[in-house]
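An overview of the molecular structure
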Amino acid sequence: MLRRENVCVDGVRMSDAGFLFDPNVSTVTVGGETVEYREHLYIMMNKPEGVISASDGGSRQEKTVVDLVPACWRRPGLFPAGRLDKDTTGFVLITDDGAFAHRILSPVKHVPKTYHVWLRDPVPASVPTLFAAGLTLDGERLQAASLRRLSSDALIYEIVLTQGKYHQIKRMFASVGNAVIKLDRVAIGDVLLDPTLLPGECRLMRDYEVLSLIKA
Ligand code: URA
């Protein structure tokens, strides 16, 4: 780029790739346009069904959420912070900031993840109490989960978890004799999935959204 384009730091044309400057102080332009420096990217995606939450499609070359990131935001090191099942839709956070991802995923930090879940059968009144007390799955005691009905005419519920075990919600409902028909993640912490994002679309997260997750 330095060879081909007019790259300037504070108005001075650069040709030396070793030139050091502080990106928080200096202004960089390429062809007259200011380039904003971001150490890390935080991308909010509305994951569609049929793509996997990974950065690599594996031996089966499956389509991943990172494949859906537009070229302008693609960079090495991007990965989804947390996994949704292939058939689960909704909020996936894609970043290249490992420490941030660890923070929001660690069960110790209790960052809540909110899902809407479509169920096969009605839910007996005992189930929300069971989930709130911490269900035991395969001998392991889960953290408390809150469950509430969202619609009175359909079997749609909201469930909030603070950890993310493999197929957790599907296994929780299976353990009480029910089945998940559809699962959609609508929020991570206080950050709601942007309702203007169609399945497969994404946008950069706003600074206040990232901060709210760091503080959560
Ligand atoms: N629980 C599940 O069972 N699947 C998901 O994708 C997320 C939580």
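Residues numbered from 1 in each chain as written. Predicted model: local features only at pLDDT ≥ 70, side-chain atom pairs only at ≥ 80, totals over all residues. Heavy atoms only, no water.

1. Describing the site of the ligand
- Leu84, Asp85, Thr88, Tyr115, His167, Gln168, Ile169, Lys170 and Leu183 make up every residue found near the ligand.
- Here threonine 88 contributes a side-chain N or O atom positioned 2.9 Å from an oxygen atom of the ligand.
- Within the backbone of glutamine 168, one N or O atom sits 3.4 Å away from an oxygen atom of the ligand.
- Relative to its unbound accessible area of 240 Å², the ligand is 96% covered by the protein chains.
- The element contributing the most residues to the shell around the ligand is helix 3 (residues 168–175), with three residues.
- Of the residues belonging to the shell around the ligand, the class tally is four nonpolar, three polar and two charged.
- Residues from two domains meet in the shell around the ligand; each of domain 2 (42–107 + 194–215) and domain 3 (113–188) gives at least three. (Near = heavy atom within 4 Å. Polar contact = N/O pair within 3.5 Å; in protein donor to acceptor, adjacent residues only side chain to side chain. Areas by Shrake-Rupley, 256 points an atom, 1.4 Å probe, with all protein chains shown as cover. Helix = DSSP H or I, 4+ residues; strand = E, 2+ residues; numbered from the N terminus. Nonpolar A, V, L, I, M, F, W, Y, C, P; charged D, E, K, R; others polar. Domains from an automatic or database assignment.)

2. Concerning the sheet that holds strand 2 (residues 12–13)
- Pairing is antiparallel across the open sheet formed by four strands, whose spatial order is 2-1-3-4. Both edges of this open sheet fall to strand 2 and strand 4 (33–35), since each of them pairs with a single strand only.
- Bridge analysis of strand 1 (residues 7–9) against strand 2 gives two bridges, and the strand direction is antiparallel. The partner of valine 9 across the bridge, within strand 2, is valine 12. (Pairing = 2+ DSSP bridges.)

3. Some words on the pattern of salt bridges
- Within the structure shown, the criterion is met by eleven salt bridges.
- Between lysine 165 and glutamate 140 there is a salt bridge; the shortest N-O distance is 2.9 Å. Of the two residues, lysine 165 sits in the loop between strand 12 (156–161) and helix 3 while glutamate 140 sits in strand 10 (residues 140–141), which places them 25 residues apart along the sequence.
- Judged by its relative accessible area of 34%, lysine 165 is partly exposed.
- Take glutamate 140: its relative accessible area is 36%, and that puts it in the partly exposed class.
- A cluster of three or more residues bridged by salt bridges with shared partners is formed by Asp85, Asp87 and Lys170. (Salt bridge = Lys/Arg side-chain N within 4 Å of Asp/Glu carboxyl O. Buried < 20%, exposed > 50% of the residue type's maximum accessible area, 1.4 Å probe, protein only.)

4. Side note on the side chain of aspartate 97
- On the secondary structure map, aspartate 97 appears in the loop between strand 7 (89–95) and helix 1 (98–105).
- No salt bridge is formed by the buried aspartate 97; the nearest opposite charge belongs to arginine 75, separated by 9.3 Å.
- With residues up to four places along the chain from it excluded, the contact list for aspartate 97 reads His40, Tyr42 and Phe79. (Lys, Arg positive; Asp, Glu negative; His and termini not counted. Contact = heavy atoms within 4.5 Å.)

5. Considerations on the domain arrangement of the protein
- According to the domain assignment, the protein contains domain 1 (1–37), domain 2 (42–107 + 194–215) and domain 3 (113–188).
- Spacing between the C-alpha centres of domain 1 and domain 3 amounts to 51 Å.

6. Some words on the environment of threonine 114
- In this structure, threonine 114 sits in strand 8 (residues 113–119).
- In this structure threonine 114 comes out as buried when scored by relative accessible area, which is 11%.
- Through-space distance from the C-alpha of threonine 114 to that of aspartate 184 is 8.6 Å; in sequence the pair is 70 residues apart.
- Threonine 114 has contacts with Glu158, Ile159, Val160, Asp184, Arg185, Val186 and Ala187, leaving out every residue within four places of it along the chain.

7. Some points on the pairing of strand 8
- Most of strand 8 sits out of view: five of its seven residues are buried.
- Of the pairings in the sheet, the one linking strand 8 to strand 12 comprises six bridges and is antiparallel in character. Note on strand 12: the bridge partner recorded for threonine 114 is valine 160.
- Bridging between strand 8 and strand 13 (residues 180–188) involves seven bridges; their strand directions are antiparallel. Its bridge partner being in strand 13, tyrosine 115 is matched across the sheet by arginine 185.

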